Structures are given as structure tokens and as C-alpha cells.
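Residue strings, one per chain:
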Amino acid sequence: MVAPSADPVSVLKYTAQERKEALAYWTPARMKAVGESVDLGPTGPKAKPWRGPTLKTVGRRAPTAPP
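Within every chain, residues take consecutive numbers counted from 1 along the sequence as written. For a predicted model such as this one, the threshold for reporting local features is a pLDDT of at least 70, and the threshold for listing and counting side-chain atom pairs is 80 or more; totals across whole chains, interfaces and linings nevertheless cover every residue. Side-chain metrics rest on all non-hydrogen atoms present in the structure, leaving aside hydrogens and water.

With that out of the way, let us pick up the overall build of the protein chain. Secondary structure assignment for the protein chain yields 2 helices and 0 strands. Relative accessibility decides the category of a residue: with a 1.4 Å probe and only protein chains considered, values under 20% of the type maximum give buried, values over 50% give exposed, and everything between is partly exposed. Every one of the 67 residues in the protein chain was classed for burial, and the buried ones make up 3%. Note on conventions: DSSP H or I runs of at least 4 residues are helices, E runs of at least 2 residues are strands, and numbering of each starts at the N terminus.

Time to look at the packing of aromatic side chains. Each Phe, Tyr or Trp ring, with Trp reduced to its six-membered ring, pairs with another whose centre is within 6.5 Å; inter-plane angles below 30 degrees give stacked pairs, above 60 give edge-to-face pairs, and intermediate values give tilted ones. Under the definition given, this model contains 1 aromatic pair. Summarising the aromatic geometry, the rings of Tyr25 and Trp26 are spaced 4.9 Å apart at their centres and angled 85 degrees between planes, so their arrangement reads as edge-to-face. On the basis of relative accessible area, Tyr25 is assigned to the partly exposed category, the value being 33%. Charges are assigned to positions over rings by a cutoff of 6 Å between ring centre and Lys NZ or Arg CZ, combined with an angular limit of 35 degrees from the ring normal. Residue placement shows Arg30 over the ring face of Tyr25; its charged tip is 3.9 Å from the ring centre.

Here you go:
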């Protein structure tokens with residue numbers, strides 16, 4: 001059995017070139033098109049609206065591998 005890590009948070013680091021390529025690929029129009037084409041189905045019966053403080057957004061997470 002493997003002991004859990006002390007810090008379960010993963011940190012990914014990208015090079016300046018990888019970031020540049022990702023930002024060039026994920027244009028606002030492309031992100032909008034992906035969001036409209038994804039059907040996640042109905043919300044489950046146990047889902048509840050968030051009642052806590054407003055969360056800061058960090059944008060859409062997306063892979064940076066070339067298509």
C-alpha cells in the first residue's frame with residue numbers, strides 16, 4: 001500500500017512557448033464553440049446551488065497538445 005502524499009495538489013509548469021501556442025489556439029470564439037457543443041446532460045438530483053462566496057475564475061482549462 002502506498003502512503004498518500006502530504007500535499008495532494010498538482011502543479012503543472014509550462015514553457016513560454018507552450019503557453020504562447022495554447023493562447024493562440026484557444027481563441028474566445030473557439031472556447032465558445034466548444035462550450036456550446038458539450039452536452040453534460042441534466043443536473044443530478046443531489047446537486048445544490050453554491051451558497052458560498054463568489055469564486056474567482058481562472059478561465060477554461062484546456063490541453064495544449066497540437067490537434
